[in-house]
Amino acid sequence: MADRRGDAWKRHISEQLRIRDRVQRHAFEEIISQYNRLLEKSDLQAVLSERYQSDGPRAAPLSAADGAVRGDLQEERIKHQEELTELHKKRGELAQNVIELNNQIQQKDKEIQSNEAKMLEYQQQIAALEGDCHQLRTYLQDLERANQMLKDEYDALQITFSAVEEKLRRTAEDNQELVSRWMAEKAQEADRLNAENDKDCRRRQAKLQKELADAAKEPLPLDPDDDIEVLAEDSGKGTGEASSPNRAPSRTASKRISQVPPGGLLDSITNIFGRRPGNSLSTSPENTESPLGGVEVRLPSTALHVFEAHDGEVNAVRFSPGSRLVATGGMDRRVKLWEVVSGRCEPKGALTGSNAGITSIEFDGAGSYLLAASNDFASRIWTVDDFRLRHTLTGHSGKVLAARFLLDNARIVSGSYDRTLKLWDLRSKVCMKTVFAGSSCNDIVCTEQCVMSGHFDKKVRFWDIRAESIVNDLELQGRVTCLDLSQERTELLTCSRDDLLKIIDLRTNTVRQTFSAPGFKCGADWTRVCFSPDGSYVVGGSADGGVYVWNVLTGKLDRLLDKNHSSAINAVSWSPSGTFVLSVEKGSKAVLWSDL
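The rules behind each value
Residues numbered from 1 in each chain as written. Predicted model: local features only at pLDDT ≥ 70, side-chain atom pairs only at ≥ 80, totals over all residues. Heavy atoms only, no water. Helix = DSSP H or I, 4+ residues; strand = E, 2+ residues; numbered from the N terminus. Buried < 20%, exposed > 50% of the residue type's maximum accessible area, 1.4 Å probe, protein only. Pairing = 2+ DSSP bridges. Axes fitted to C-alpha atoms, helices over the stretch in contact; angles between N-to-C directions. Phe/Tyr/Trp six-rings, centres within 6.5 Å; stacked < 30°, edge-to-face > 60°. Contact = heavy atoms within 4.5 Å. Polar contact = N/O pair within 3.5 Å; in protein donor to acceptor, adjacent residues only side chain to side chain. Salt bridge = Lys/Arg side-chain N within 4 Å of Asp/Glu carboxyl O.

A. Up close: unusual backbone geometry. Notably, F387 is not glycine yet its phi reads approximately 60°, a positive angle. Here F387 shows up in the loop between strand 8 (378–383) and strand 9 (389–394). Residue F387 is classed as partly exposed on the basis of its relative accessible area of 27%. Backbone geometry at N409 places phi at a positive 60°, although glycine is not the residue there. Checked against the element boundaries, N409 lands in the loop between strand 10 (400–405) and strand 11 (411–416). Residue N409 is classed as buried on the basis of its relative accessible area of 12%.

B. The sheet that holds strand 26 (residues 569–574), seen in detail. Read from one edge to the other, the open sheet built from 4 strands follows the order 1-28-27-26, with strand pairing classed as antiparallel. Of all the strands in the sheet, just strand 1 (302–308) and strand 26 have a single pairing partner and so form its edges. Strand-to-strand twist of the sheet, defined as the mean angle between neighbouring strand axes without regard to direction, takes the value 20°. Sheet topology note: the strand 1/strand 28 (residues 589–594) ladder contains 6 bridges and is antiparallel. When the sheet's bridge partners are listed, T302 is paired in strand 28 with S594.

C. Quick look at the pairing of strand 9. Here 5 bridges tie strand 8 to strand 9, and the two strands are oriented antiparallel to one another. The residue of strand 9 that forms the bridge with I381 is H391. Hairpin connection from strand 8 to strand 9: 5 residues lie between these consecutive antiparallel strands, with F387 at a positive phi of about 60°.

D. Highlighting the packing of aromatic side chains. Enumeration over the complete set of coordinates arrives at 6 aromatic pairs. Consider the rings of F515 and W550, whose centres lie 6.1 Å apart with planes at 45°: the pair is tilted. Pair noted here: F515 is in strand 21 (residues 510–515) and W550 is in strand 24 (residues 547–551), with a separation of 35 residues, a long-range link. Ring plane angle 75° and centroid distance 5.3 Å describe the contact between F520 and Y548, whose orientation is recorded as edge-to-face. One end of the pair, F520, is in the loop between strand 21 and strand 22 (530–531); the other, Y548, is in strand 24, with 28 residues separating them in the sequence. Y548 matches F520 in its accessibility class, with the two residues each being buried. Aromatic rings pair up to connect F515, F520, Y548 and W550 into one cluster.

E. Examining the side chain of S486 more closely. Assignment of secondary structure puts S486 in the loop between strand 18 (480–485) and strand 19 (491–496). If we skip the residues at most four places from it in the chain, S486 touches E491 and F531.

F. Representation of the sheet that holds strand 20 (residues 500–505). Judged by pairing direction, the sheet is antiparallel, and its 4 strands sit side by side in the order 18-19-20-21 without closing on themselves. Among the strands making up the open sheet, the edge pair consists of strand 18 and strand 21. Each neighbouring strand pair of the sheet contributes to a mean axis angle of 25°, computed without reference to strand direction. Bridge count for strand 20 against strand 21 is 5 bridges, and the pairing is antiparallel. Pairing of D505 across the sheet is with T510, part of strand 21.

G. Spatial organisation of the side chain of S532. When you line up the elements, S532 lands in the loop between strand 22 and strand 23 (537–541). According to the relative accessible area criterion, S532 is buried, its value standing at 3%. A distance of 2.7 Å separates polar atoms of two side chains, one belonging to S532 and the other to D534. Excluding residues within four positions of it along the chain, S532 makes contact with V297, Y537 and W574.

H. Looking closely at the pattern of salt bridges. Summed over the entire model, instances satisfying the criterion amount to 24 salt bridges. Between R169 and E173 there is a salt bridge, with the nearest N and O atoms lying 2.4 Å from each other. With R169 and E173 both in helix 2 (residues 64–217), this residue pair falls 4 residues apart, about one helical turn. In this structure R169 comes out as partly exposed when scored by relative accessible area, which is 39%. Among the ionic pairs, D200 bridges to R204, the shortest N-O distance being 2.9 Å. Placement of both D200 and R204 in helix 2 is noted, with a separation of 4 residues, approximately one turn of the helix. Among the ionic contacts, a cluster of salt bridges with common partners joins E166, R169, R170 and E173.

Structural data, given as structure tokens:
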């Protein structure tokens, strides 16, 4: 290919040179012919001049007629000399033109050589680019083959995952069936034991009655001095005959009680079915804590403990119902439990199992279970006492940004970036309902039969769980980042990206109070704020690292804590006891606040 290109440009240059030669030769043909004629006349003039000079001495005696001829010749000679001078002048001009044309030809030759060098360089660059293009085509083919191989592997893994998931579902169904059968057999065994106890009780009662009858038939010696005693004894016998049937059932009842399975076994059975510890005999430490009564809320003013909570950003924080434990979740895919002791947060354990960052945390009503949502499209439930992962709820096609227990603690609601809300049954571990919300869900709160969700499209939606439909919605001025209910569940606190906190009266569905402050700025789409336990204050973290506390009654800022965080605050939580506030940031730090 390179040889053909080299011959082509050579032929092109030769053709251009021939065309230039024809054009230039045509322009100078007439000048050259004139020049040749002038040369011929010049030669003729020279010959005539020589002849006149040689004939001059001999022509002196000529006649007057010859003198006239000589005059004519002299004039012609002068004329020829003038023409010769003119021809010499034209010859000089032509010579100058030839020199200029030669210079132009030399310049054109240089330009041709330069163009040839450039053409050669361009040909080399074209060859290099063609080589690069060939390499890129080869690399693209390799990438396409690798991509196809990865796609095939992904399809195979997807099929394997579907098969394993189906196997897990069948195993769960078989497990549930086995447990049901085992419970039925235990009930039958209990009925059989009760029947045997009743039978043994009747047999003992009959034997006792027979012994009493035989004893009554035997003659007894009488002593006059013992009349009172005999009468007392007789009356005692009568009483014994009347009361013995009652004593026997009492023994039977005690035997029945002894046959009841131990409480721990029953608890393990009910835990399999997902019964919440609030309705069981669980002995979790959180259950031993007294319920909240008249809470005395302390306005935080001092940082009691500043500590590194996670390896990276901390997204969520929540106190347990008893205020003794606090949980934090971060981008390091872990939920950490901390015990509040003497104004410090001491590490208690870590809950693992998530494959991406944690976005939301909540305890159940008894503080025995912890629910967390994560960026791996799933929600998970752990037991707090042994840190074991109990349930993994998958089904969303986007990040799960919020998950909450319903009040019965047997169902949960999750909201996702995929614009859906899902209702899960913890007994069967399946999704009961899926509702399309139309916008990414950032947070959720629940009442008995209503779910409230905050969305990216600036709306708060109210859902009826039974009807799977929107009861009402309320549009704010910015994207909704957080929702929180007051203790009486009559007021809803919202936070949005327009840097405003609002309290909505759920009885009238109107905004009752709006909070703002100079410098307060909502730092993320998942910034969490909350009520104080008695509903007198609201607290929120700002992008400037400050913790802002507003008075609900006056709507004014009561406290600003801005000295311990170095980055935007993602979430805050107020302990149910009203004593502590914990704030977490986009860095890795958490700060425990109080007025102690």
